[in-house]
Amino acid sequence: MMAPNDCVVVINAGSSSIKFSLYEGADLVPAMKGKVENLNAGRTHFVAQDTSGNRIGERTWTDAPLDHHGAMAFLIDFAESHLAGRRVRAVGHRIVHGGTHYSGPQQLDEAVLAELDKLIPLAPLHLRHNLAPVRAVAELAPHVPQVGCFDTAFHAAQPPLAQAFALPPSITDLGIRRYGFHGLSYEYIASQLPEAAPHLAQAKVVAAHLGNGASMCAMAAGRSMASTMGFTAVDGLPMGTRCGALDPGVVLYLMDELGMDVAAVQKLMYSQSGLLGVSGISADMRTLEQSDDPRARLAIDLFVYRIGRELGSLVASLGGLDALVFSGGIGENSALVRAAVCREAAWLGVALDDAANAAPGDGMARISTADSKVDVWVVPANEELMIARHTLALLQQE
Ligand code: ADP
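Rules used in this analysis
- Residues numbered from 1 in each chain as written.
- Predicted model: local features only at pLDDT ≥ 70, side-chain atom pairs only at ≥ 80, totals over all residues.
- Heavy atoms only, no water.
- Near = heavy atom within 4 Å.
- Polar contact = N/O pair within 3.5 Å; in protein donor to acceptor, adjacent residues only side chain to side chain.
- Areas by Shrake-Rupley, 256 points an atom, 1.4 Å probe, with all protein chains shown as cover.
- Helix = DSSP H or I, 4+ residues; strand = E, 2+ residues; numbered from the N terminus.
- Nonpolar A, V, L, I, M, F, W, Y, C, P; charged D, E, K, R; others polar.
- Buried < 20%, exposed > 50% of the residue type's maximum accessible area, 1.4 Å probe, protein only.
- Contact = heavy atoms within 4.5 Å.

Draft legend 1. A look at the site of the ligand. For the ligand, the set of nearby residues contains 13 residues, the closest of which are Asn212, Asp284, Met285, Gly329 and Ile330. Within the backbone of Arg286, an N or O atom sits 3.3 Å from an oxygen atom of the ligand. Protein contact buries 70% of the 580 Å² of open area that the ligand shows by itself. Of all the elements in the fold, those that place two or more residues in the shell around the ligand are helix H10 (285-290) and helix H12 (328-333). For the shell around the ligand, the leading source of residues is H12, giving 4 residues. Classifying every residue of the shell around the ligand gives 3 nonpolar, 7 polar and 3 charged.

Structure follows, in structure tokens:
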């Protein structure tokens, strides 16, 4: 059981940063959060703030950058000196891939970590970075239980047809199928919608998580039915630097005709495409919105067009649409992208309230007109809280 001064720490580790959040007591009240950025390159920078946004720690490493292990050692030290009598009951981690086996939160021990290591080829750019902090905590604070929460788990119960590629069973049986990602974000959205609007508990919803990574998910009664990301997180929508869905024939052509090797194709698809690749300017939506370069316009137009097409496909998978949800850095902050997507979606009965869209506020907000056939909502992403909830629930089961 959680005592009032017990807390859960959530770690969200990417290739160049580690974000952490600390939640207190059984109600998981946020207590502090922070991040270490520029790992492995440049000047590693750390900053932490309390719930009022006051800075409670900051440091820059000017000599040499930290790696993931070094950053975790620093964070554990920092946490210990700022716990102020709190006790860390567990650490929850965001883990991008759970493969076919892990379809729910999982306590992490050496055996599970060894299994997860085998999945690294499925998410080469993310998974090893998710696992490094788990090992660091196991070494530096071995008594603290650790829980893995998988971005694939929410999609694990999708209908089999939504998960299948049209490939022979000998290939499918190797685990080559659609998994879907951003599951913790969608699960959080599914948990929040009925709180704000009870009629949405049983609704047909398409949610768009639009950040540096971007995807969409069709949900019925809070369960995932289909998603735009597939075997890897490069499928579906164009993203900051990822191309999204690509005719697989393009890959064959690049390799066969242009002589590109696997590493070159991977770099093209993951780091040189999407908003950055099309615009030639930036992967950052803010920069593109402020630019009057036609290529920036084209990148935004293509992003919106592809969201509109995927929306049609996801609505078909649901057989209708009651609500459209925007989340992630772009979904929460870009009134321009939301308005453009809603124009594309007018045929579905989406009517945007322009004033509400221009200023939705900080929390969850409805931005459709009162008589819109389809509700449109902005729901700020909070994967961290979802991880804290799962971690606490697993702790309490034991
Ligand atoms: P990540 O997927 O790395 O968590 P975020 O969810 O923070 O990323 O989303 C980052 C994206 O959000 C960037 O493209 C950024 O330009 C965009 N963004 C953030 N604020 C705004 C804003 N005010 N207007 C438009 N886009 C924004």
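Draft legend 2. Seen up close, the side chain of Ser224. Along the chain, the position of Ser224 falls in strand S11 (residues 223-227). Residue Ser224 is classed as buried on the basis of its relative accessible area of 4%. Of note is the side chain of Ser224, whose polar atom sits 2.8 Å from the side chain of His155. Of note is the side chain of Ser224, whose polar atom sits 2.9 Å from the side chain of Gln158. Dropping the residues within four chain positions of it, Ser224 is found in contact with Phe154, His155, Ala157, Gln158, Pro159, Cys217, Ala218 and Met219.

These figures come from the coordinates and say nothing about function on their own.
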